[in-house]
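A look at the structure
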Amino acid sequence: MDKDGPNHAILVVDDDATNLRMLQEILKPLYKVYAAPSGDRALAFLENRVPDMILLDVEMPVMSGYELIKRLKDDARFSSIPVLFLTAQEGRDKEEQALHLGAVDYILKPITTGVVRARVNLHIELEDYRKRLETLVSEKTEKLRLTQDSILDILANVTAWRDSGTGGHIDRTTAYTRLVVEGLAQKNDPEYDIPPQYREHIIKSSKLHDIGKVAVSDNILLKPGRLTPEEFAEIKKHTTFGAQMIDDAIRDLGDDSSFLHVAREIVISHHEWWNGGGYPNGLAGSDIPISGRVMAVSDIYDSLTSERPYKGPMTHEEAMDIIYKETGVHFDPNMIKLLEDTFPLFKEIAAALN
Ligand SMILES: [Fe+2]
């Protein structure tokens, strides 16, 4: 309790008016105490206010304490309120039943001031501690997420700066990738069942799709003219170089590496073609991971609509003509069909981020 008075609210539920009054008297100096003479009245009270704890009499007419706690535990709004049973019935089975139903503790009647205050105080403190821990864990998790995101951005910038000198390609392809996975998720097509976590992993790791380019020599990566077949063969290795870089991290992280597995999928498969004519593994059709098929669409659309040393940018319509022409050859035809109403949104991203 602080100087402004009691902070925690306790609901006492007991059909016996004397007991109810007694419990109020015992707890009033320390907590805000509310009283309900039946299970129904307790449920009505809960509609307006969620207390920090409930003291619940087991033996009540109409709705017993057991019945009430079952209702509370089945309702997400109330299931985490700690419940302490008040019971006059002695015997292990009654205590066990109460605890089994989710009560945190029980107090045997006849009650005494010292026991009631000590038990209530203990569980209020435990509950406060649990809540503080929960907040702390979610704050730390959020901080960790932000740190991971910034490391990802740094890595993405390393690739981008070395390759084209700007992060524009990465920002745009990430935005297209987001549109594609969200567009596919809306269609609820069983072939493209992309659970939310896989979706997030695809969006985030799309930033790393060309990470392997840092291992390709400058002479080839930055060559202004046409590449010889040998040089192109070197460029193609950015997929396997990237996968090798991620493999090391996967080995270190073990089971916690689901994000990196998706990143690896994208890195190694974003140049595979639907007809098997891509690289590095010549995968075809649905053997190409969904993430790689998604990345292929974002990556190629951006290449077509961006300015390069050797070409001007295509319009959205010209780029879409090529993508439709390459559907079934380079791109997954079913995926392209499902994305018909997503593609117009690409145009807006291209205009905003180019
Ligand atoms: Fe690439």
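Further up the page is the structure itself.
Read on for an overview of the structure. (Residues numbered from 1 in each chain as written. Predicted model: local features only at pLDDT ≥ 70, side-chain atom pairs only at ≥ 80, totals over all residues. Heavy atoms only, no water.)

**A look at the coordination of the iron ion**
In this structure, Asp210 (OD), His238 (NE2), His270 (NE2) and His271 (NE2) serve as the protein donors to the iron ion, at separations of 2.1 to 2.3 Å. Bound by 4 donor atoms, the iron ion shows angles of 85 to 175° at the metal and therefore irregular coordination geometry. Of note, the iron ion draws all its donor residues from one chain, in the sequence arrangement D-x27-H-x31-H-H. Of this pair, Asp210 sits in the loop between α7 (196-205) and α8 (218-221) while His271 sits in the loop between α11 (258-269) and α12 (290-305); the two residues are 61 residues apart in sequence, bridging distant segments of the chain. As far as burial versus exposure is concerned, Asp210 and His271 are alike and both buried. (Donors = N, O, S within 2.8 Å, 3.2 Å for Na, K, Ca; no water. Tetrahedral: all angles 85-135°; square planar, octahedral: opposite > 155°, others 65-115°. Helix = DSSP H or I, 4+ residues; strand = E, 2+ residues; numbered from the N terminus. Buried < 20%, exposed > 50% of the residue type's maximum accessible area, 1.4 Å probe, protein only.)

**So, the side chain of Lys207**
For Lys207, the location among the structural elements is in the loop between α7 and α8. In this structure the side chain of Lys207 is engaged in a polar contact, spanning 2.4 Å, whose partner is the side chain of Asp153. Those residues in contact with Lys207 that sit more than four places away from it in its chain are Asp153, Ala156, Ile170 and Thr174. (Polar contact = N/O pair within 3.5 Å; in protein donor to acceptor, adjacent residues only side chain to side chain. Contact = heavy atoms within 4.5 Å.)

**Considering the packing of aromatic side chains**
In total, this model carries 8 aromatic pairs according to the counting rule given. Judged by centre distance (4.9 Å) and plane angle (80°), the ring pair of Tyr176 and Tyr301 falls under edge-to-face. With Tyr176 in helix α6 (residues 168-187) and Tyr301 in helix α12, this residue pair connects regions lying 125 residues apart in the sequence. The residues Tyr176 and Tyr301 share a single accessibility class, namely buried. Ring centres of Tyr301 and Phe346 lie 4.9 Å apart, and the angle between their planes is 80°; on these two criteria the pair is classed as edge-to-face. Here Tyr301 is found in helix α12, whereas its partner Phe346 is found in helix α15 (residues 343-353), with 45 residues between them in sequence. By way of ring pairs, the aromatic residues Tyr176, Tyr301, Tyr324, Phe343 and Phe346 are connected into one cluster. (Phe/Tyr/Trp six-rings, centres within 6.5 Å; stacked < 30°, edge-to-face > 60°.)

**Notes on empty space enclosed by the protein**
Rolling a probe over the atoms, with the probe sized like a water molecule, indicates the empty space that remains. Tallying each qualifying case throughout the model produces 2 cavities of 30 Å³ or more. Size it by volume and the second largest cavity reaches roughly 30 Å³. With 3 residues, the single largest contributor to the lining of the second largest cavity is α12. Tallied by class, the residues present in the lining of the second largest cavity amount to 5 nonpolar, 3 polar and 3 charged. (1 Å grid on protein atoms, 1.4 Å probe; cavity = no way out; pocket = protein on both sides within 12 Å on 5 of 7 lines; lining within 4 Å. Points joined across faces, edges and corners; volume = space filled by probe spheres on them. Nonpolar A, V, L, I, M, F, W, Y, C, P; charged D, E, K, R; others polar.)

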